[in-house]
Amino acid sequence: MENLLAARAQMALSLGFHIIFASIGMAMPFLMAISHYKWLRSGKQVFFDISRAWSRGVAIFFATGAVSGTALSFELGLLWPKFMQHAGPIIGMPFSWEGTAFFVEAIALGLFLYGRKRLPRWIHWGVGVVVGISGVLSGIFVVCANAWMNNPAGFDWVNGQAVNIDPMRAMFNPGWRTEALHMILAAFEATGFAVAGIHAFLLIRSRGSVFHREAFKIAMLVGAIAALLQPLSGDRLAKGTAQHQPLKLAAMESHFETSTYAPIIVGGIPDKKTERVRFGIPIPGLLSFLAKDDFSAEVKGLDAFPKDEWPPLVPVHIAFQIMVGCGTALAGLSLLFLFFLFRNPSRLAHKRFLMLAVLATPLGFLALEAGWTVTEVGRQPWIIYGIMKTADAVTPMPGLQYPFFMFAVIYVFLFGVVSWLMLRHINAVAQDYPSSANEDVHA
Amino acid sequence: MLDLVTNQPITLWIVIGFLAVSLLLYCLLGGADFGAGVLEIFLRKRQRVEQHKIIEKAMGPVWEANHMWLILMVVILFMGFPEVYSLISIHLHLPLTAMLIGIIARGCSFTFRHYDAKKGRSQKSYAVFFIFSSVWTPLCLGIVMGSLIPGGIHPVYATYREGFIDSWFRPFPLALGLFTVCLFTFLAAVFLIGESPAGEIRTSFTRRARVASIVTVLAGGVVFFAAQLDDIILIPRFLHSAIATACMILATISLPFFWMGLRKEWIWTVRSLAGIQVVLILSAWLWIQFPVLVHLPGGDLTLFNSHAPDRTLFQLAAALLVGSAFILPSLFYLFQVFKLDEED
Ligand code: HDD
Ligand code: HEM
Ligand code: HEM
């Protein structure tokens, strides 16, 4: 395997692994806090149990997120030393803030998990909220760094050196707002539907369990709100992409020729040689609208750029389809959920609806990984868009395929262990929390 | 030299201060944490369950906070001293990767062991990973530190071996790795004396602390010997600097007091002495290294010639100061809730 390819594969693997745990780390504290709040207000044991059962599982995710994140902070240097050498002074800022946020998060988490008996109730709850807030802040900071790679700002590039560096302007680059918002929503959406799906499954197995019904409702509500906002945020994001990275947008949509009334192509496989999309269904005007808020606007196609700067077309196009497909499906499910919740709550326990929720379990995370693939692969061959090529940033150490294979084995193994632990955890819930099986007449 | 030192902007000094303090705290707090894992090797069957409980109770709430110091160091290096970060990442790729694997294995096995919903046979496997990585990670850390001395990194290299292996696979870094493991174990044993109830268990931690202190002194001797093998003129460099010499002398003469304190089981005396000894040893090392970060044949990379531009330093220093305003009170609160509250 070629060195550059191995480095990219290792980076993608590590980030793809980390982001799952990071997203759970951002969203889960809020789910717990909601349930905890309901307990503090209503005094109903079931909400205490839900929050407690969740927090036990979450500790495992937290630790895995923390170690995989620590690994990443080394890997950035180990794989892309030249990138870090130039980017460090410019974009180290969000990372140092991220460090602060993690620190607060780790401390608050220690207090939250071990302090249930020692802290006053409401302070304990407040500490849980701090865990969530600092998790979200760290997510925002790291996405600022990524947004900068897409929209470099805050320096002048003179003869291969960065001068006039302004870390503040780099951090708050033109892309950070939309990208961070999209990412945070994605974390809540993915986690919400995954948790809801698990409880829906358990609800089908033990109908009438108050525990699973309430847990399902909380998780679903959080997921649904995020899912309905996500297409709006995606639309904002696409407008930014159209402005700052028109080539990436063209690759996402396999839009080969610059044109007005540009179509969105649903499905299909782009072919770089013939410059055609096979099997796709074009919807005229929609891309122009997505990019410029105007059905007739002109959208630059791939033909406006030199062919050797095109990103890999097939993965970018397909990943974008997967993301938008999952997003649409989840938004549909959310509408249904909200409709039932307000008009016909008994329907929420209907088996068919629960089956739908079970099917939706992985969709959020699928969209999340696909979204990152769009952003990252779509930026190739650049590591800093328009400034530095990925090939120029890779470490000179030969033989990178060996660390890659090793990390692949480690991550697959870890993933297996974490899944196994979750299964054990879910099975244990039934025994530890009587309310998970009991019916409760007045709830 | 004095001129060079006084002419630096205050922001650089703030950044350097944070770098040094993070290193110290990582060695002290993280060190005790790693060492506790090493100590598990030596638990006797009879007391294993109780001692394991003590270790878990002492480390549980703080372990994640501990390893943040390492991340802080990484962030300061790559934002404040990007050339150094890049150079180290390239040439010490292998020991750093090895250390990463240790960090991953340790963090995961610790948490999985604690949070596994069923406490069954799997506990044994977690323990194996946990103990192994508790030895492995500080070993790699010491090796990495040991490679920064003269003759370590070759930025211009002809062969793979010269560029990526010779820098760390040599007597001195390996000996320093060994020393780090011993030092951390020593710290943990001393710390745990105070965490255990008076009686048989405390006596056994006391005995371990004594053994560990002797082994650490011996390992220190090995480091000097290995330096000789590697043609590193370590002793003259120590003697050259009055402060470094003073630190080493102080560390040595405090040893008898430490042993006496151990015999009497004066918990806070031995804890403070052990902490002070580690701080002294690290300070001596930092002092002879100062202001060099990485020794290179063609001109060393120092704190003063490899730092980021002023504006970056300013913002980094500001971030560190503001960050500590959040972190220190909450860290204090965490320790207070868990350490000063002895009932339960
Ligand atoms: C702060 C920076 C940052 C962030 C937040 C992410 N990435 Fe990234 N990613 C990089 C920084 C980066 C990188 C180091 O810059 C790479 C290596 C080569 C490149 O161009 O970008 C990269 C490459 C890269 C590639 C390979 C691209 C290719 O082979 O063409 C993939 C598939 C991903 N990443 C996936 C992800 C996922 C799933 C992420 C979710 C967390 C993610 N990235 C977040
Ligand atoms: C270059 C990429 C990244 C680096 C270097 C990185 C670094 C880190 C580090 C060092 C930690 C451990 C902190 C601890 O000990 O608690 C961590 C955890 C975390 N990261 Fe990342 N990260 C990266 C990508 C991301 C992304 C893309 C996100 C999400 C938007 C993210 C969000 C988080 C969160 C929320 C945590 C806390 C996880 C938890 O405590 O469970 N990170 N990351
Ligand atoms: C349904 C409509 C959606 C649209 C129109 C949309 C649009 C976009 C666009 C244009 C990008 C690329 C940004 C760039 O130029 O770098 C992107 C990235 C991304 N998308 Fe979506 N998206 C949608 C739904 C989703 C869903 C449902 C998720 C996950 C639950 C998701 C997660 C992500 C992630 C993680 C990224 C990469 C990170 C980022 O750039 O913030 N998206 N999205």
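Our subject in this report is the structure included herewith. What you see as residue numbers is a count from 1 along each chain, following the sequence as written. Here chains are named by letter from A upward and ligands by number from 1 upward, in the order in which they appear as written. Selection of residues for local features in this predicted model requires a pLDDT of at least 70, selection of side-chain atom pairs for listing and counting requires 80 or more, and totals for whole chains, interfaces and linings are taken over all residues. Side-chain descriptors were evaluated using all non-hydrogen atoms of the structure, hydrogens and water having been removed beforehand.

Glancing now at the coordination of the iron atom of ligand 2. If you check the protein contacts of the iron atom of ligand 2, you find one donor only, A:His18 (NE2), at 2.2 Å. Runs of E in the DSSP output that reach at least two residues are strands. Runs of H or I that reach at least four are helices, and both are numbered from the N terminus. With respect to the element layout, A:His18 can be found in helix α1 (residues 3–42). Atoms of type N, O and S within 2.8 Å of a metal are treated as its donors, and for Na, K and Ca the window is 3.2 Å; water is not considered, so some sites may appear to be missing partners.

You will see that the iron atom of ligand 1 has only one donor from the protein, A:Glu376 (OE), lying 2.4 Å away. With respect to the helices and strands, A:Glu376 occurs in helix α12 (residues 363–379).

Looking now at the environment of A:Leu287. All names here are of chain A. Examined against the element boundaries, Leu287 turns out to sit in helix α9 (residues 286–292). For the exposure calls, accessible area comes from a 1.4 Å probe over protein chains only, and a residue counts as buried if that area is under 20% of its type's maximum, exposed if over 50%, partly exposed in between. Residue Leu287 is classed as buried on the basis of its relative accessible area, which comes to 0%. In this structure, the C-alpha to C-alpha distance between Leu287 and Lys117, residues 170 residues apart in sequence, is 56 Å. Aside from chain neighbours lying at most four places away, what touches Leu287 is Leu249, Glu253, His255, Ala262, Pro263, Ile264 and Val299. Contacts: residue pairs with any heavy atoms within 4.5 Å of one another.

On to a positive patch on the surface. Residues and elements named next belong to chain B. To count toward a patch, a residue needs a relative accessible area above 30% and no salt bridge. Like charges then connect within 9 Å, nonpolar side chains (Val, Leu, Ile, Met, Phe, Trp, Tyr) within 5 Å. In these tables, accessible area is a Shrake-Rupley quantity obtained with a 1.4 Å probe, and a residue counts as shielded only by the protein chains included in the view. Here a salt bridge means any side-chain nitrogen of Lys or Arg lying within 4 Å of a carboxyl oxygen belonging to Asp or Glu. Think of it this way: Lys and Arg go in the positive column, Asp and Glu in the negative one, and His and the chain ends go nowhere. Where a charge sits is defined by one atom per residue type, namely NZ (Lys), CZ (Arg), CG (Asp) or CD (Glu). A contiguous patch of positive charge, built from Arg44, Arg207, Arg210, Arg263 and Lys264, is present on the exposed surface. At the level of elements, α10 (200–229) and α12 (242–264) are the ones that each hand at least two residues to the positive patch. As for its placement among the helices and strands, Arg210 is situated in helix α10.

Here we come to the pattern of salt bridges. Residues and elements named next belong to chain A. Per the counting criterion, the structure on display carries 7 salt bridges over all chains. Its salt-bridge partner being Asp235, residue Lys239 comes within 2.8 Å of it at the nearest N-O pair. On the criterion of helical spacing, the pair formed by Lys239 and Asp235 is a turn pair, its members being 4 residues apart in helix α7 (residues 210–244). Among the salt bridges present, the one from Lys239 reaches Asp293, with a minimum N-O distance of 3.3 Å. Remark: Asp293 occurs in the loop between α9 and α10 (313–343) and Lys239 occurs in helix α7; sequence separation between them is 54 residues. On the basis of relative accessibility, which here comes to 12%, the residue Lys239 falls in the buried class.

What follows deals with helix α3 (residues 81–114) of chain A. Residues and elements named next belong to chain A. The span one expects for a helix is its residue count, reduced by one, times 1.5 Å. With 34 residues, α3 should reach 50 Å at 1.5 Å per residue; the first-to-last C-alpha distance of 39 Å falls well below that figure. The angle separating two fitted axes, one through the seven residues that finish at a residue and one through the seven that start at it, defines the bend at that residue. Taken as a whole, α3 carries its principal kink of about 75° at Gly88; the proline Pro89 stands between one and four residues after it. For α3, the tally of buried residues reaches 29 of 34 residues, placing the bulk of the element in the interior.

Before going further, it helps to spend a moment on the interface of chain A and chain B. On the side of chain B, 64 residues touch chain A, which itself brings 66 residues to the contact. Here the quantity called buried area is the total loss of accessible area, with a 1.4 Å probe, experienced by two parts when brought into contact, counted for both. Summing both partners gives a buried area of about 5,900 Å² for chain A against chain B, and 77% of it is carried by carbon and sulfur. Between chain A and chain B we count 1 salt bridge in total. Across the pair A:Asp166 and B:Arg311 runs a salt bridge, and its minimum N-O distance is 3.7 Å. Polar contacts, as used here, are pairs of N or O atoms within 3.5 Å; protein pairs need one atom able to donate a hydrogen and one able to accept it. Residues neighboring in sequence count only if both atoms are side-chain atoms. Summed over the shared surface of chain A and chain B, the number is 6 residue pairs in polar contact (both at pLDDT 80 or more). Those elements giving two or more residues to the side of chain A that touches chain B turn out to be α2 (45–79), α3, α5 (167–171) and α14 (401–432) of chain A. No other element matches the 22 residues that α3(A) contributes to the side of chain A that touches chain B. Tallied by class, the residues present in the side of chain A that touches chain B amount to 46 nonpolar, 15 polar and 5 charged. Gly is placed with the polar residues, together with every amino acid not listed as nonpolar (Ala, Val, Leu, Ile, Met, Phe, Trp, Tyr, Cys and Pro) or charged (Asp, Glu, Lys and Arg).

Moving on to helix α3 (residues 48–59) of chain B. Taking 1.5 Å as the rise per residue, α3(B) with 12 residues should run 16 Å; its terminal C-alpha atoms sit 16 Å apart, in good agreement. Taken together, the buried positions of α3(B) are B:Gln51, B:Ile54, B:Ile55, B:Glu56, B:Ala58 and B:Met59.

Before going further, it helps to spend a moment on the packing of α7(A) against α10(A). Relative orientation and spacing of two packed helices are given, respectively, by the angle between their axes and the distance between those axes. Residues and elements named next belong to chain A. Relative orientation of the contacting elements α7 and α10 amounts to 125°, with a least axis distance of 9 Å. Between α7 and α10, the interaxial angle falls into the category oblique. In this structure, the crossing between α7 and α10 has a hand that is left-handed. Counted together, Lys217, Met220, Leu221, Gly223, Ala224, Ala227 and Leu228 of α7 and Leu330, Ala331, Leu333, Ser334, Leu335, Phe337, Leu338 and Leu341 of α10 form the full contact between these two elements. Classifying every residue of the contact of α7 with α10 by side-chain character gives 12 nonpolar, 2 polar and 1 charged. Note on method: axes are straight lines fitted to C-alpha atoms, helices fitted across the in-contact stretch only, with angles between N-to-C directions ranging 0 to 180 degrees. Should an angle fall under 35 degrees it is taken as roughly parallel, and over 145 as roughly antiparallel, whereas 65 to 115 is taken as roughly perpendicular and any remaining angle as oblique. Handedness of a crossing follows from how the near helix is turned relative to the far one, being left-handed for an anticlockwise turn of less than a right angle and right-handed for a clockwise one.

Right, let's talk about the site of ligand 3 for a bit. Residues and elements named next belong to chain A. The rule for a residue being near a molecule or strand is that one of its heavy atoms must lie within 4 Å of it. Among the 23 residues in the neighbourhood of ligand 3, the closest are listed as Glu179, His182, Thr241, Lys248 and Met323. Contact between ligand 3 and His182: a nitrogen atom at 2.8 Å from a side-chain N or O atom of the residue. The side chain of Thr375 places a nitrogen or oxygen atom 3.3 Å from an oxygen atom of ligand 3. Among the secondary structure elements, those contributing two or more residues to the shell around ligand 3 are α6 (176–205), α7, α8 (246–253), α10 and α12. Taken together, the residues of the shell around ligand 3 sort by class into 11 nonpolar, 9 polar and 3 charged.

None of this, on its own, says anything about what the molecule does.
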